[in-house]
Each structure stands twice: as C-alpha cells, then as structure tokens.
Amino acid sequence: MDDFRRSQRPDGTLNSCYPDAEPNVIPTFGIYYILMLYDHMMYAGDKKFLRQHLGCMDNVLNFFDRNLD
C-alpha cells in the first residue's frame, strides 16, 4: 500500500504498477486502494498507518469529484 501511495500522480490518480517509468493509470484503481486501506484498518486497527495515507486518499477522491459529470 505504501508503494501505491508513492505512485500517486499530480492529478490524484495512482499508477497501477510501481515503480515504473511510464504512466500506467487505471483511474478506478484508486478506489480499490482506498478499499484496501479500509480492510487493513478494520482487521488490523492500525490508525498510525492509515494516517500516513489520508492525503493520498483525499487526492484520489478529489480527482473523482473534479471529473464526475
């Protein structure tokens, strides 16, 4: 999950593979990333880990907010 966070692009999307020199974006993959974090929180209860990812989650959600019609 840390690698997915590190792959975040300026527009808020995540690369579907990391590290990779070429952009490889599947926009909806960001939603799966958020669901992975949710599952981790529910099963492990690791709030400290989740706090590291809050900014990335916000950026993913903001991307969809900006691009929904």
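(A) Seen up close, the overall build of the protein chain. From N to C terminus, the protein chain includes three helices and zero strands. Ordered by position in the sequence, the α and β elements of the protein chain form the string α-α-α. Its C-alpha atoms give the protein chain a radius of gyration of 12 Å, within 12% of the compact-globule value 11 Å for 69 residues. The buried share of the protein chain, reckoned over its 69 residues, is 28%. Sequence separation of at least 24 residues holds for 47% of the intrachain contacts in the protein chain that already meet a minimum separation of 6. In the structure as shown, the protein chain presents an accessible area of about 4800 Å², 54% of it carried by carbon and sulfur atoms. Computed over 7 positive and 10 negative side-chain charges, the inter-centroid distance for the protein chain is 10 Å.

(B) How the structure looks around helix H3 (residues 47-67). Helix length check: H3 (21 residues) gives 30 Å between terminal C-alpha atoms against 30 Å at 1.5 Å per residue, within 8%. Along H3, the helix axis deviates most sharply at His 53, where the bend reaches about 45 degrees. Buried residues in H3 make contact with helix H1 (2-6) and helix H2 (29-44).

(C) Layout of a nonpolar patch on the surface. Among the surface-exposed residues, Ile 31, Tyr 32, Leu 35 and Leu 61 lie close enough to one another that they form a single nonpolar patch of about 380 Å² accessible area. Element by element, the count of residues in the nonpolar patch is highest for H2, at three residues. Among the secondary structure elements, Ile 31 is positioned in helix H2. Assessed through its relative accessible area of 34%, Ile 31 is described here as partly exposed.

(D) Geometry of the pattern of salt bridges. Counted according to the given criterion, the structure contains two salt bridges. Linking Asp 2 and Arg 5 is a salt bridge whose minimum nitrogen-to-oxygen distance equals 3.4 Å. With a gap of three residues between them, Asp 2 and Arg 5 both fall in helix H1, about one helical turn apart. Classification of Asp 2 as partly exposed rests on a relative accessible area of 25%. A relative accessible area of 27% places Arg 5 in the partly exposed class.

Here is what the cut-offs are and how they apply
Residues numbered from 1 in each chain as written. Predicted model: local features only at pLDDT ≥ 70, side-chain atom pairs only at ≥ 80, totals over all residues. Heavy atoms only, no water. Helix = DSSP H or I, 4+ residues; strand = E, 2+ residues; numbered from the N terminus. Rg over C-alpha atoms; globule rule 2.2 N^0.38 Å. Buried < 20%, exposed > 50% of the residue type's maximum accessible area, 1.4 Å probe, protein only. Contact = heavy atoms within 4.5 Å. Areas by Shrake-Rupley, 256 points an atom, 1.4 Å probe, with all protein chains shown as cover. Lys, Arg positive; Asp, Glu negative; His and termini not counted. Charge placed at Lys NZ, Arg CZ, Asp CG, Glu CD. Expected span 1.5 Å × (residues − 1). Bend = angle between axes of the 7 residues up to and from the residue. Patch = residues over 30% accessible without salt bridge, like charges linked within 9 Å, V, L, I, M, F, W, Y side chains within 5 Å. Salt bridge = Lys/Arg side-chain N within 4 Å of Asp/Glu carboxyl O.

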